[in-house]
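# Survey of secondary and tertiary structure
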Amino acid sequence: MPKFAANLTHLWAALPYLDRFDAAADAGFEAVEILFPYDTPAPETQKALQRNGLEMVLLNAPGPNYAGGARGFAATPGGEARFDYDMRRAVRYAQALGARFIHVMSGVGQGDAAKETMIANLKRAAADLPEGLCLCLEPLNQIAQPGYFLSSFDLAAEIIEAVGASNVALQYDSYHAQVITGDALGTFEKLRPLIRHIQIGDAPDRTPPGTGEIDFPALFAAIDASGYEGWVSAEYTPQGRTEAGLGWRVSHAGT
């Protein structure tokens, strides 16, 4: 059975931010991820992790935009300086919290200009990335994120190949994979060599595993059979209380 982490942006979202770490540990999780931890000083998050013995897995970049104007997304032509600033900030937070993965968001864009901008930005960021960190690209479906540039797994694979850096890889999310391709399992199996981090949620509505279209016992079996040893992060919208919906960790793992 894969080892599961909790995405604290989605799970226990009604609790104050720092209390979510306690809730995750009480529920038996040993690792967590936070999409945007930037509003809280890193030492406070460090303490929440340490008191619960939790590993921090991933955060997103860029963080919230406090400076006004457009956010420095990776696929925004003319936004290179903002991208570099965002990445430096994300790296500082990742290092402070012990996270291994930074999900680099493409933002809205289209066409060759956006693609070439993202490739150039990632090459520059990968070259400067401290050892032990990995930049992840995650295709997001156009229903959830209209206009989002990186909404194709084939495009993500092309960009990773063009960047050609060992510290740039694919972030696989079962919810997005199912909505984009209609075949979450087949997408995982096809792109497994590129995948360094996994997130799960059911489709079509990002609900808990077992409430939608995806065959999670088959997906979990494929993850195990592939030799993947990283965390599988639960990133979905609970239906009611988070604790009440965690039975999938056993019932949908084929055990």
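Scope of this entry: the structure provided in the associated data block. Counting restarts for each chain: residues are numbered from 1 in the order of the written sequence. Local features are withheld for residues below a pLDDT of 70 in this predicted model, meaning they are given only at 70 or higher, and side-chain atom pairs are given and counted only at 80 or more; totals for whole chains, interfaces and linings count all residues. Here the side-chain values reflect all heavy atoms present in the structure, with hydrogen atoms and water set aside.

## Quick notes on the overall build of the protein
The following threshold applies: Each helix is a run of H or I in the DSSP string that is no shorter than four residues. Each strand is a run of E no shorter than two, and both are numbered from the N terminus. With the radius of gyration taken over C-alpha atoms, the globule rule is written as 2.2 Å times the number of residues to the power 0.38. Only protein chains enter the area calculation, which uses a 1.4 Å probe; residues under 20% of their type maximum are buried, those over 50% are exposed, and those in between are partly exposed. By definition in these notes, contact holds between two residues if any of their heavy atoms fall within 4.5 Å. Note on areas: these come from Shrake-Rupley sampling with a 1.4 Å probe, and a residue is covered only by the protein chains present in the view.
Check the secondary structure of the protein and you find nine helices and nine strands. Compactness check: the protein gives a C-alpha radius of gyration of 17 Å against a globular reference of 18 Å for 255 residues, within 12% of the reference. With the C-alpha coordinates of the protein rotated into their principal frame, the extents come out at 50 × 40 × 30 Å. By residue count, 54% of the 255 residues in the protein fall in the buried class. For the protein, the proportion of contacts with a sequence separation of at least 24, taken over those separated by at least 6, is 74%. Total accessible area on the protein stands at roughly 10,700 Å², and carbon and sulfur atoms take up 50% of it.

## Digging into the packing of helix H3 (residues 80-97) against helix H4 (residues 111-128)
This is how the line gets drawn: A fitted line through C-alpha atoms represents every axis, and for helices the fit uses only the stretch in contact; the resulting angles, taken between N-to-C directions, go from 0 to 180 degrees. When describing relative orientation, an angle under 35 degrees is termed roughly parallel and one over 145 degrees roughly antiparallel, while 65 to 115 degrees is termed roughly perpendicular and anything else oblique. For any helix crossing, the convention is left-handed if the near helix is rotated counterclockwise from the far helix by under a right angle, and right-handed if that rotation is clockwise. Side-chain classes are defined by residue name, with Ala, Val, Leu, Ile, Met, Phe, Trp, Tyr, Cys and Pro counting as nonpolar, Asp, Glu, Lys and Arg as charged, and the others, Gly among them, as polar.
Relative orientation of the contacting elements H3 and H4 amounts to 40°, with a least axis distance of 11 Å. Compared by their axis directions, H3 and H4 come out oblique. In terms of crossing hand, the pair formed by H3 and H4 is right-handed. Where H3 abuts H4, its residues Glu80, Phe83, Asp84 and Met87 lie against Thr117, Asn121, Arg124 and Ala125. Per-class residue counts for the contact of H3 with H4 are three nonpolar, two polar and three charged.

## A closer look at the packing of aromatic side chains
Condition: Note on ring pairs: Phe, Tyr and Trp rings are taken, using the six-membered ring of Trp, and paired if centres are within 6.5 Å. Classes follow the plane angle, with under 30 degrees stacked, over 60 edge-to-face and the rest tilted. Remark: a charge is flagged as sitting over a ring if the NZ atom of Lys or the CZ atom of Arg is within 6 Å of the ring centre and within 35 degrees of the ring normal.
Enumeration over the complete set of coordinates arrives at eight aromatic pairs. Summarising the aromatic geometry, the rings of Phe4 and Trp248 are spaced 4.9 Å apart at their centres and angled 80° between planes, so their arrangement reads as edge-to-face. Placement of the pair is Phe4 in strand S1 (residues 3-7) and Trp248 in helix H9 (residues 248-251), with a sequence separation of 244 residues. In this structure, Phe4 and Trp248 share a single accessibility class: buried. Look at Tyr17 and Phe21: their rings are 5.4 Å apart centre to centre, the planes differ by 85°, and that puts the pair in the edge-to-face class. Remark: Phe21 and Tyr17 occur in helix H1 (residues 17-26); sequence separation between them is four residues, near one turn of the helix. Ring-pair connections join several aromatic residues into one group, and the members of that group are Phe4, Phe216, Phe220, Tyr236 and Trp248. Over the ring of Trp231 we find Lys3; its NZ or CZ atom is 4.4 Å from the centre of that ring.

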